[in-house]
Amino acid sequence: SVSVEQRFSHVLSGGGAPGGAPGGSGSGSSGGRGGGEMQLAVGTNSEQVRLFDLADMGCRLLLGHADIVLALDASAGGGLIASASKDATVRLWDPATAECVGRCVGHMDAVGAVGFGGKTGGRLAAGAADGAPLPATLLSASKDKTLKRWDLSPLLAGGGGGKTLKRW
């Protein structure tokens, strides 16, 4: 069951229907389980992000951070999840496969906020597998007192593969 100690979460809904969580909605599928189901990305007091399938409460772990995850955001189309951590990195995840598809490296201290650009416009022409548009930028804020804007176009154009992204 989901703990009361949750600090944040995002609902990813199938078929492009709006999700119920502030700051994130879109489509996502649990790789190999079929499309259209709802998923919930949850960050707790650990270095893992939990991705729940709300149909059966199955859980997959998004592994890769070396310290506690402090923030999450889902892209407008639900094709990406971003996680920010005390390890001074932001990671980008494909919710369909639970794979890390990109890393944003450059902060000198814990990253406490992350958000996709383009939720109300300015989206790339390219889209996710289900045709939903994906944002071209990501913003992150750190305890090092910096706000960084990350260019996601190499990730979106090249199909991921664990790329380290550049900042603007």
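Scroll up for the structure.
Please read these numbers as outputs of a predicted model, since none were measured by experiment.

Rules of the game
Residues numbered from 1 in each chain as written. Predicted model: local features only at pLDDT ≥ 70, side-chain atom pairs only at ≥ 80, totals over all residues. Heavy atoms only, no water. Patch = residues over 30% accessible without salt bridge, like charges linked within 9 Å, V, L, I, M, F, W, Y side chains within 5 Å. Areas by Shrake-Rupley, 256 points an atom, 1.4 Å probe, with all protein chains shown as cover. Salt bridge = Lys/Arg side-chain N within 4 Å of Asp/Glu carboxyl O. Helix = DSSP H or I, 4+ residues; strand = E, 2+ residues; numbered from the N terminus. Buried < 20%, exposed > 50% of the residue type's maximum accessible area, 1.4 Å probe, protein only. Contact = heavy atoms within 4.5 Å. Pairing = 2+ DSSP bridges. Axes fitted to C-alpha atoms, helices over the stretch in contact; angles between N-to-C directions. Core = buried A, V, L, I, M, F, W, Y, C linked by side-chain atoms within 4.5 Å.

Novice: Could you clarify how one ought to interpret a nonpolar patch on the surface in this entry?
Specialist: Side chains of Met38, Leu54 and Met57 sit close together on the surface and give an oily, nonpolar patch of about 220 Å² of accessible area. Position of methionine 38 relative to the elements: it lies in the loop between strand E1 (8–12) and strand E2 (39–43). Under the relative-accessibility criterion, methionine 38 is labelled partly exposed at 32%.

Novice: Just checking my understanding: could you explain the side chain of serine 46 for this structure?
Specialist: Relative to the assigned elements, serine 46 resides in the loop between E2 and strand E3 (49–53). In this structure, serine 46 is in contact with Asp67, Ile68 and Val69, ignoring residues within four places of it in sequence.

Novice: Explanation requested: the sheet that holds strand E13 (residues 147–151) in the structure shown.
Specialist: Two pairing modes exist for strands in a sheet, parallel and antiparallel, and in both the strands are linked by backbone hydrogen bonds. Ordered by their spatial adjacency, three strands build an open sheet running E9-E12-E13, and the pairing between neighbours is antiparallel. Edge positions in the sheet fall to strand E9 (111–116) and E13, since each of these pairs with one other strand and no more. Going from strand to strand, the sheet's axes swing by 20 degrees on average, the running direction of each strand aside. Sheet analysis places E9 next to strand E12 (residues 137–142), joined by five bridges and oriented antiparallel. Residue pairing across strands places valine 114 opposite serine 140, the latter belonging to E12.

Novice: Quick question: what am I supposed to make of the nonpolar core here?
Specialist: Soluble, globular proteins show a tendency: their nonpolar side chains are buried together. Membership of the largest hydrophobic core comes to 16 residues, with the highest contact counts inside it found for Ala82, Val90, Leu92, Val114, Phe116 and Leu138. Per-element accounting of this core gives the leading share, three residues, to E9. Counting nine residues, the second largest nonpolar core, distinct from the first, contains Val49, Val69, Trp93 and Ala98.

Novice: Just checking my understanding: could you explain unusual backbone geometry for this structure?
Specialist: Negative phi values dominate among residues other than glycine, just as trans dominates among peptide bonds. Although it is not a glycine, alanine 98 sits at a positive phi angle of roughly 65 degrees. Assignment of secondary structure puts alanine 98 in the loop between strand E7 (89–94) and strand E8 (99–105). Of note in the backbone geometry, lysine 145 takes a positive phi value of approximately 70 degrees without being a glycine. On the secondary structure map, lysine 145 appears in the loop between E12 and E13. On the basis of relative accessibility, which here comes to 78%, the residue lysine 145 falls in the exposed class.

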